Amino acid sequence: MPLVPTADLLHAAVGHRTGLAAFNVIQLETAEALVDAAEQTGLPVILQISQNCVAYHGSLEPIAAATLALARESTAHVAVHLDHAEDEQLARRAVEAGFGSVMFDGSTLDYEHNVAATVRVVEHAHANDVLVEAELGEIGGKDGAHAPGVRTDPAEARRFVEETGVDALAVAVGSSHAMTERTAALDLDRIAQLRHAVPVPLVLHGSSGVADETIEQAIRAGITKVNVSTHLNRFFTDAIRAYLTAHPEAVDPRKYVREGRRAVTAEAARLMTLFDVAGHGGARGTETGHR
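Conventions adopted
- Residues numbered from 1 in each chain as written.
- Predicted model: local features only at pLDDT ≥ 70, side-chain atom pairs only at ≥ 80, totals over all residues.
- Heavy atoms only, no water.
- 1 Å grid on protein atoms, 1.4 Å probe; cavity = no way out; pocket = protein on both sides within 12 Å on 5 of 7 lines; lining within 4 Å.
- Points joined across faces, edges and corners; volume = space filled by probe spheres on them.
- Helix = DSSP H or I, 4+ residues; strand = E, 2+ residues; numbered from the N terminus.
- Nonpolar A, V, L, I, M, F, W, Y, C, P; charged D, E, K, R; others polar.
- Buried < 20%, exposed > 50% of the residue type's maximum accessible area, 1.4 Å probe, protein only.
- Contact = heavy atoms within 4.5 Å.
- Phe/Tyr/Trp six-rings, centres within 6.5 Å; stacked < 30°, edge-to-face > 60°.
- Arc of directions from axis to C-beta.
- Axes fitted to C-alpha atoms, helices over the stretch in contact; angles between N-to-C directions.
- Left-handed = near helix turned anticlockwise from the far one by under 90°.
- Pairing = 2+ DSSP bridges.
- Right-handed = clockwise from strand over helix to strand, strands pointing away.

(A) Geometry of the layout of surface pockets. The computed volume of the second largest pocket comes to approximately 210 Å³. Arg17, Arg195, Ile219, Arg220 and Gly222 are the residues nearest the centre of the second largest pocket, which is lined by 14 residues in total. Looking at the lining of the second largest pocket, the elements that each hand over two or more residues are α1 (6-16), α8 (188-197), α9 (212-221) and β8 (223-228). Across the lining of the second largest pocket, the residue classes break down as six nonpolar, five polar and three charged.

Given below as structure tokens:
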């Protein structure tokens, strides 16, 4: 199936008032697991490559090429997204590589510099029909914004979207990156206020630290795109650790990495189904009538 534009998946999710799964790629096996989950459930997924992932692999192009190839060859609806790019040039390279969307993260900049940098990314991306997500205020764990007490202001969010022309907005509502316990308390009232304040889909980062029930409540309150990374990484690592404990003689990485891949597929499929039914009836189908 051809690569699906991120915009198509986001607009369909908004229309059905369901959540859209956006899961981070760490290496090839992660991407394979996430695509398998999408095919098993018949639900769409966004594969996200972060700036940190690019740094780990040493370059954007190899991991991007592999992820884009998996997306194109899948029978599911799969989009590919650049996550948390603080480097404008990296965002440009992702656009040119064929990504359906990029997130420019200028949250550590002051407001005016964030707007100016985001506008530059938006102009280049929109010229190539690529969606742009941005962030207003830092998200915790990246040292900042989803730290206790930090919340996105609805009026400032409206102004930011109007001034930048971004297509989706990551908001600070109580979650934090890299949490290994699912104990984050979200400000559901703030999500509802933001939903009414801005005309673009809202994105929840740091969802690994949010319990199932709270994620469902957040989707009903107005969150559309739900980002998960650490939670799935834990399943991957726990499965490998269990295999190596049971088979201390193992030396072939294919045997234990396969277990990690299977664990990620199962949990990703469960989360995708949870997000899909969290809205009003869990209606399925894209704007063209299927997924």
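(B) Looking closely at the environment of Phe236. Position of Phe236 among the secondary structure elements: in helix α10 (residues 230-246). Residue class for Phe236 comes out buried when judged on its relative accessible area of 13%. Between the alpha carbons of Phe236 and Ala263 there is a distance of 6.0 Å; along the sequence they are 27 residues apart. Ignoring any residue separated from it by four or fewer positions in sequence, one finds Phe236 in contact with Gln27, Glu29, Val257, Gly260, Arg261 and Val264.

(C) Representation of the packing of aromatic side chains. This structure, assessed with the given rule, holds two aromatic pairs. Between Phe23 and Phe275, the aromatic rings sit 6.4 Å apart at their centres with planes inclined by 55°, giving tilted as the arrangement. With Phe23 in strand β1 (residues 20-24) and Phe275 in helix α11 (residues 253-277), this residue pair connects regions lying 252 residues apart in the sequence. For Phe275, a relative accessible area of 0% gives the class buried.

(D) Representation of α1. Turning to α1, its buried residues are Thr6, Leu9, Leu10, Ala12 and Ala13. Taken end-on, α1 shows its buried residues confined to a sector of 165°, consistent with a single buried face.

(E) Region of interest: the packing of helix α4 (residues 60-73) against helix α5 (residues 88-97). Orientation of α4 relative to α5, taken along the N-to-C sense of each, is 35°, at an axis distance of 11 Å. With respect to the hand of their crossing, α4 and α5 are arranged in right-handed fashion. Contact with α4, carried on its side by Leu60, Glu61 and Leu68, involves Leu90, Arg93, Ala94 and Ala97 of α5 and no other residues of that element. Among the residues making up the contact of α4 with α5, the classes are represented as five nonpolar, no polar and two charged.

(F) Representation of the side chain of Thr6. With respect to the helices and strands, the residue Thr6 is situated in helix α1. Setting aside its immediate chain neighbours within four residues, Thr6 contacts Ile46, Ala79, Val80, Gly100 and Ser101.

(G) Looking closely at the pairing of strand β3 (residues 78-85). A large share of β3 lies buried, amounting to eight of its eight residues. Inspection of the sheet shows β3 paired to strand β4 (residues 101-104) by three bridges, in the parallel sense. Each residue of the ladder has a partner; that of Ala85, found in β4, is Phe104. Once you follow β3 into α5 and on to β4, the crossover reads as right-handed.

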